[in-house]
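Here is what each chain is made of, one letter per residue.
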Amino acid sequence: MKRWQNLLLLLAVVLLSALPLWLVQKPAANADHPVQIFAGADNQARDLIGAINPDFKPWFQPLMEPASSEIASLLFALQAALGAGFIGYYLGVSVTREKLRRQSEEASGAAQRC
């Protein structure tokens, strides 16, 4: 029974990951902007700010500009993976510390009773 539940959950995760990529429709071509399906919101925000206030000057420039949007996506994914790994490691260490603390308290309590 548990094996089937795990397989169904795995299938659900795969479908939730793959179906949006497969079903997404390509936007209509525009003379102003090239067609990008998975473009970030940064450029859209910059364009909207420019439309609202044409005299807007950014406060600072980026230290490093990625060569392409694919490299920017890769760096963002790498940042997310490192953050998730750090959080997972921290949670694992915290749970293990708590477990070891409880075991040492139980062992010291049992030694005092004897």
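Being a predicted model, the structure only gives us computed values, none of them experimental.

A. Main features of the overall build of the protein. Scanning the protein from terminus to terminus reveals three helices and zero strands. For the protein, the N- to C-terminal ordering of α and β elements is α-α-α. Counting only residues that meet the buried cut, the protein has 1% of its 114 residues in that class. Just so you have it, the protein exposes about 11100 Å², and 66% of that area is on carbon and sulfur atoms.

B. Inspection of the UniProt feature "transmembrane region" (unreviewed entry) in the protein at higher detail. Under the present numbering, the feature "transmembrane region" (unreviewed entry) in UniProt falls on residues 71-92. As annotated, residues 71-92 comprises 100% helix and 0% strand, and the C-alpha atoms at either end are separated by 31 Å.

C. Structural view of the confidence of the model for the protein. Model confidence for the protein is summarised by a mean pLDDT of 85, while 87% of its residues fall at 70 or above. Mean pLDDT across the elements of the protein ranges from a minimum in helix H2 (residues 41-52), with 82, to a maximum in helix H3 (residues 69-113), with 90.

D. Quick look at the pattern of salt bridges. Scanning the entire structure with this criterion turns up four salt bridges. Across the salt bridge formed by Glu-98 and Arg-101, the nearest N and O atoms sit 2.4 Å from each other. Of this pair, Glu-98 and Arg-101 both sit in helix H3, separated by three residues, roughly a single helical turn. One salt bridge connects Arg-102 with Glu-98, and the closest N-O pair in it is separated by 3.3 Å. Here Arg-102 pairs with Glu-98, and both are found in helix H3, just four residues apart, close to one helical turn. Note on Glu-98: relative accessible area 27%, which makes it partly exposed.

Here is what the cut-offs are and how they apply
Residues numbered from 1 in each chain as written. Predicted model: local features only at pLDDT ≥ 70, side-chain atom pairs only at ≥ 80, totals over all residues. Heavy atoms only, no water. Helix = DSSP H or I, 4+ residues; strand = E, 2+ residues; numbered from the N terminus. Buried < 20%, exposed > 50% of the residue type's maximum accessible area, 1.4 Å probe, protein only. Areas by Shrake-Rupley, 256 points an atom, 1.4 Å probe, with all protein chains shown as cover. UniProt positions renumbered as here; feature names shortened; annotations may be inferred. pLDDT = per-residue confidence, 0-100. Salt bridge = Lys/Arg side-chain N within 4 Å of Asp/Glu carboxyl O.

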